[in-house]
Amino acid sequence: MTHFAVVAPPLPGHFNPLLVLARELGRRGHRVTFLHMADAAKLVDGKGAGFQAVGARDYPPGALKAYVDRLAKPTGLLGLLGTLRATAAQTDMLCRDLPGALRAIGAEAMIADQTEAAGGLVARHLGIPFISTATALPLNREPTVPPPFVPWPYDLSEKGLVMNKGGYQVTDLLMRPVRKVLMRHGAAFGLDPFADQGFSPLLTVSQVPQALDFPRQELPATFHYGSPWRDGASPVPVEPLNLAPDDGRPLVFCSLGTLQGARADIFLKVAEGARDLGVRLLIAHGGLLAPHEVSRLEALCEVRAFVPQAEVLARCRAAVLHCGMNTVLDAMASGVPLVAVPIAFEQPATASRLDYHGVAKVVPAGKLSRRRLKDALGAVLGEPGFAAAARRVAAAMADGGGVVRAADLIEGAVPR
């Protein structure tokens, strides 16, 4: 048995797939403990893994909600810079407090998500093996691949390569608060925090399939694409689906995820466009809409707080998504083509990859209108190439091995 520590951003989009991985490792006799601020315990409790709080001095009760509220409402460059400073503060806390906590719980190895660099750095400091995970777009850099936060297409021309180079320079500038934290703690540990791009020299496992990434030329041999980490357990309680009887119209699902699910303005445009097109729409808002907002939407379509997503998608002809990775993966696993409505963070980059593979029509949230939604959804439903491309991706994902293969790779990489 190995005691694995897990370090990742305290958000459902990262914790939920890692909890699936934790349960699979637990079934094999290993012990798994997540570590972060105390509020993050609610993401783990009762879901098959342990939890150890760190950072009590800096993150009192309510701190996680304040952070999530900041992420849910992107407000331009100043808002982005504030979010990055808040993220850097978490990385600083983890670099400071993880070593003592890991020693106290007797952690023997670490699973470090690529999006929280403190995990790998602290593991190297303590001399324990660590595995990198990519629960969202892989962050491995290479000149031919645009940064994973921009909507640019894959472009091997000189212009495209210059844009990518500039994009990474801007990324480093924006990420300076985080990089300064890593450099300071790296110096204290006597380590280069950016060795191997900060990722594990042993193994990186990704739940994102190769069929949804841009072509890669420089990934290390230790990087392994896969397919979604799922085990049938729902990350949130859901009621039985109980949809209205099928009336013959195509069913379309719409979700904006766990952070942007309060965007009633986007839901309304989608609902109006779907009604204009004459399709049947089901919205899942994650419990983030006010009652009056729900009532307004219910006049146009079916509305739920949470749904059994895989069951819904299996019935759908298309979906309208904000391009959060986990919902995208569920849709692709069901072979469902998309209207991609990216809002913030890595979502525009995910949408660009979906466009590259021909599985989605992209309408950025800032350009969304009732008419644009209707036209895009009409194209996705009416042009057979979108559904055919989605089925090809689903077939590739079916051979990805999911969480079982990821756990096999981890067991094979960690010394016993």
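Scroll up to find the structure this text is about.
Residues numbered from 1 in each chain as written. Predicted model: local features only at pLDDT ≥ 70, side-chain atom pairs only at ≥ 80, totals over all residues. Heavy atoms only, no water.

Q: Quick question: what am I supposed to make of the overall build of the chain here?
A: Assigned secondary structure in the chain consists of 15 helices and 13 strands. Computed over its C-alpha atoms, the radius of gyration of the chain comes to 21 Å, within 12% of the 22 Å expected for a compact globule of 416 residues. Dimensions of the chain along its principal axes, counting C-alpha atoms only, are 60 × 50 × 45 Å. Burial analysis of the chain (416 residues in total) assigns 52% to the buried set. Here the chain displays about 17600 Å² of accessible surface, and carbon together with sulfur accounts for 56% of that area. If the 43 positive side-chain charges of the chain are averaged to one point and the 37 negative ones to another, these points end up 4 Å apart. (Helix = DSSP H or I, 4+ residues; strand = E, 2+ residues; numbered from the N terminus. Rg over C-alpha atoms; globule rule 2.2 N^0.38 Å. Buried < 20%, exposed > 50% of the residue type's maximum accessible area, 1.4 Å probe, protein only. Areas by Shrake-Rupley, 256 points an atom, 1.4 Å probe, with all protein chains shown as cover. Lys, Arg positive; Asp, Glu negative; His and termini not counted. Charge placed at Lys NZ, Arg CZ, Asp CG, Glu CD.)

Q: How do you make sense of the packing of helix 5 (residues 118-126) against helix 7 (residues 176-189) when you look at a structure like this?
A: To describe two helices that pack against each other, one gives the angle between their axes and the distance between the axes. Across the interface, helix 5 lies against helix 7 with an axial gap of 10 Å and an inter-helix angle of 5°. The pairing of helix 5 with helix 7 is recorded here as roughly parallel in orientation. Within the contact between the two elements, helix 5 uses A118, L121, V122 and H125 and helix 7 uses L182, H185, G186 and F189. Looking at the contact of helix 5 with helix 7 residue by residue, the classes come out as five nonpolar, three polar and no charged. (Axes fitted to C-alpha atoms, helices over the stretch in contact; angles between N-to-C directions. Parallel < 35°, antiparallel > 145°, perpendicular 65-115°, else oblique. Contact = heavy atoms within 4.5 Å. Nonpolar A, V, L, I, M, F, W, Y, C, P; charged D, E, K, R; others polar.)

Q: Help me out: how do you make sense of the nonpolar core in this one?
A: Side chains of a nonpolar character, in soluble globular proteins, are inclined to be buried together. Membership of the largest hydrophobic core comes to 60 residues, with the highest contact counts inside it found for L21, F34 and I410. What L21 contacts, discounting residues up to four positions off in sequence, is I111, T133, W229, V403, A406, A407 and I410. Membership of the second largest hydrophobic core comes to 34 residues, among which are L313, M332, A351 and A390. (Core = buried A, V, L, I, M, F, W, Y, C linked by side-chain atoms within 4.5 Å.)

Q: Is there a simple way to explain the sheet that holds strand 8 (residues 251-255) in this structure?
A: Sheet strands pair by backbone hydrogen bonding; their relative direction is either parallel or antiparallel. With parallel pairing, six strands are arranged side by side in an open sheet as 10-9-8-11-12-13. A single partner strand is all that each edge strand has here, and the edge strands are strand 10 (302-304) and strand 13 (360-362). Strand-to-strand, the axes of this sheet are offset by a mean angle of 20°, without reference to chain direction. Examined bridge by bridge, strand 8 and strand 9 (residues 280-284) share five bridges and lie parallel to one another. Across the sheet, C254 pairs through a bridge with I283, a residue of strand 9. Packed onto the sheet, helix 8 (residues 264-277) meets strand 8, strand 9 and strand 11 (318-321) and runs at close to 165° relative to strand 9. Where helix 12 (residues 347-356) meets the sheet, its contacts fall on strand 12 (338-340) and strand 13, and the angle it forms with strand 13 comes to roughly 130°. (Pairing = 2+ DSSP bridges.)

Q: Would you take a moment to explain the pairing of strand 5 (residues 130-134) for this structure?
A: One face of the sheet, then the other: side chains in a regular strand alternate in exactly this way. Within strand 5, five of the five residues are buried, which leaves it mostly tucked inside the rest of the structure. Of the two faces of strand 5, the one lined by F130, S132 and A134 and the one lined by I131 and T133 are each fully buried. Where strand 4 (residues 109-113) meets strand 5, four bridges bridge the pair, whose relative direction is parallel. If you follow M110 over to strand 5, its bridge partner there is F130. Once you follow strand 4 into helix 5 and on to strand 5, the crossover reads as right-handed. Of the strand pairs in this sheet, strand 5 and strand 6 (residues 204-206) are connected by three bridges, and their pairing is parallel. (Right-handed = clockwise from strand over helix to strand, strands pointing away.)

Q: Looking at this structure, how should I read the pattern of salt bridges?
A: Any two side chains of opposite charge can pair, so long as their charged atoms come close to each other. This structure, assessed with the given rule, holds 23 salt bridges. Here D58 ties to R96 by a salt bridge, and the two come within 2.5 Å at their closest N and O atoms. Within this pair, whereas D58 is found in the loop between strand 3 (50-53) and helix 3 (63-72), its partner R96 is found in helix 4 (residues 76-105), the two being separated by 38 residues in sequence. A salt bridge links E142 to R216, with the nearest nitrogen and oxygen atoms 3.6 Å apart. (Salt bridge = Lys/Arg side-chain N within 4 Å of Asp/Glu carboxyl O.)

Q: What am I meant to see in the environment of P193 here?
A: Note on placement: P193 falls in the loop between helix 7 and strand 6. The class for P193 is buried, based on a relative accessible area of 12%. Setting aside residues up to four positions removed in sequence, P193 forms contacts with L121, R124, L182, M183, G186 and G198.

Q: Would you mind going over the packing of helix 8 against helix 13 (residues 370-382) with me for this structure?
A: Helix 13 packs onto helix 8 with a crossing angle of 55° between their chain directions and a minimal axis gap of 8 Å. By the angle between their directions, the pair helix 8 and helix 13 is classed as oblique. Relative to helix 13, the crossing made by helix 8 is right-handed. Across the interface between the two elements, K269, V270, E272, G273, A274, R275, D276 and L277 from helix 8 touch R370, L373, K374, L377, G378 and L381 from helix 13. Tallied by class, residues from the contact of helix 8 with helix 13 come to six nonpolar, two polar and six charged. (Left-handed = near helix turned anticlockwise from the far one by under 90°.)

Function-wise, these values are silent; they only describe arrangement.
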